[in-house]
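Breakdown of the fold
If you want the building blocks of each chain, they are given just below.
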Amino acid sequence: MADAGETTPPVFLVDALPSGEYALLTGEEARHAATVRRMRAGERLLLGDGAGGLARCTVEAVRPGRDAEIELRVTRRWTDPAPALRVTVVQALAKGDRGELAVELATEAGADAVIPWRAARSVAKWDEGPRGAKALARWRSTVRSAAKQARRSRVPEVAEPLSTAELAGRVRRATAALVLDAAAGPGLAAVHLPAEGELLLVVGPEGGIAPEEAGLLAEAGATAVRLGPDVLRTSTAAAVTLGALGVLTGRWDRGEST
């Protein structure tokens, strides 16, 4: 978190954090800093490795252009600890740009990982060829951008898409799994939530989860839960649930001043 009265510095992702007192930001991140953010000497920014490592820096000089470079002085380094309870969002494929919106919002709300799900009622169908690879790349790019926008120190991994049978296997390996279902009996607040480990959060497609899929996931150990009296879109359900989990667990109790 930023100090009172200050805004959180923007985050720029690098392959590895600098080890010395000075650093040089280049490539696309430097072009974005110089052209889009219009960073100037004396301003602060954060370098992140996407895996929890952060370096607070002061801009020393800006050289804009196609081969933009940002000279930086490193003033502090630290590692943001991973949450004890990791939430992996299993997002069913959705039509149009709703899937990308879903993972964008989930990332901003704190998802630790994302798994695309080829649900039976998904309108969108990702094949195993170039089209499927392009769709997966869009999700990964969306998550990366959303993590930067939210000033996150960790960029959630977006895994390869799973079938329902494969998802059932992941449910068995997880610490706990919740399947969002507006018709479920228990509400989220009434369900026991683990304090650590991995929690899978399964979000169905526009047409809902097919009964046979719900049965298979239940047999694997998943618990069907509802959020409230209203029905949420597949694009917003994960983000709303992550907000509730932040309150119901200790996930929002951690933080590092920047």
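Note that the structure is predicted; figures quoted are calculated from it, not measured.

Right, let's get into the overall build of the protein. The secondary structure content of the protein amounts to six helices and 11 strands. Its C-alpha atoms give the protein a radius of gyration of 20 Å, near enough to 18 Å, the size a compact globule of 258 residues would have. Expressed as lengths along the three principal axes of its C-alpha atoms, the size of the protein is roughly 60 × 40 × 30 Å. Buried residues in the protein amount to 47% of all 258 residues. Across the protein, the fraction of contacts at a sequence separation of at least 24, relative to all contacts at a separation of at least 6, is 73%. When the accessible surface of the protein is split by element, carbon and sulfur atoms take 49% of a total near 12800 Å². Positive and negative side-chain charges in the protein, numbering 33 and 33 respectively, have mean positions lying 3 Å apart.

The next point concerns the sheet that holds strand β7 (residues 113–117). Strand order across the open sheet formed by six strands is β8-β7-β6-β10-β9-β11, with parallel pairing between neighbours. Every interior strand has two partners, whereas the edge strands, β8 (157–158) and β11 (223–225), have only one.

On to the layout of surface pockets, then. Over the atoms, a rolling probe the size of a water molecule traces out where space has been left empty. In this model, the second largest pocket occupies a volume close to 530 Å³. Around the second largest pocket sit 28 residues that line it, and Leu-180, Asp-181, Ala-182, Gly-204 and Leu-232 are the ones nearest its centre. Those elements giving two or more residues to the lining of the second largest pocket turn out to be β9 (176–180), α5 (211–220) and β11. Here the element with the most residues in the lining of the second largest pocket is α5; it accounts for four residues.

We now examine the pairing of β9. By the criterion of burial, β9 is predominantly enclosed, with four of the five residues buried. Note that β9 and strand β10 (residues 197–203) share four bridges and pair parallel. When the sheet's bridge partners are listed, Val-179 is paired in β10 with Val-202. For β9 and β11, the ladder comprises three bridges, and the chain directions are parallel. Note on β11: the bridge partner recorded for Leu-178 is Thr-223.

Relative to the helices and strands, Gly-208 resides in the loop between β10 and α5. A relative accessible area of 25% means that Gly-208 is categorised as partly exposed. Between the alpha carbons of Gly-208 and Ser-122 there is a distance of 8.5 Å; along the sequence they are 86 residues apart.

Each value, and the rule that gives it
- Residues numbered from 1 in each chain as written.
- Predicted model: local features only at pLDDT ≥ 70, side-chain atom pairs only at ≥ 80, totals over all residues.
- Heavy atoms only, no water.
- Helix = DSSP H or I, 4+ residues; strand = E, 2+ residues; numbered from the N terminus.
- Rg over C-alpha atoms; globule rule 2.2 N^0.38 Å.
- Buried < 20%, exposed > 50% of the residue type's maximum accessible area, 1.4 Å probe, protein only.
- Contact = heavy atoms within 4.5 Å.
- Areas by Shrake-Rupley, 256 points an atom, 1.4 Å probe, with all protein chains shown as cover.
- Lys, Arg positive; Asp, Glu negative; His and termini not counted.
- Charge placed at Lys NZ, Arg CZ, Asp CG, Glu CD.
- Pairing = 2+ DSSP bridges.
- 1 Å grid on protein atoms, 1.4 Å probe; cavity = no way out; pocket = protein on both sides within 12 Å on 5 of 7 lines; lining within 4 Å.
- Points joined across faces, edges and corners; volume = space filled by probe spheres on them.

No statement about biological role is implied by the geometric values presented.
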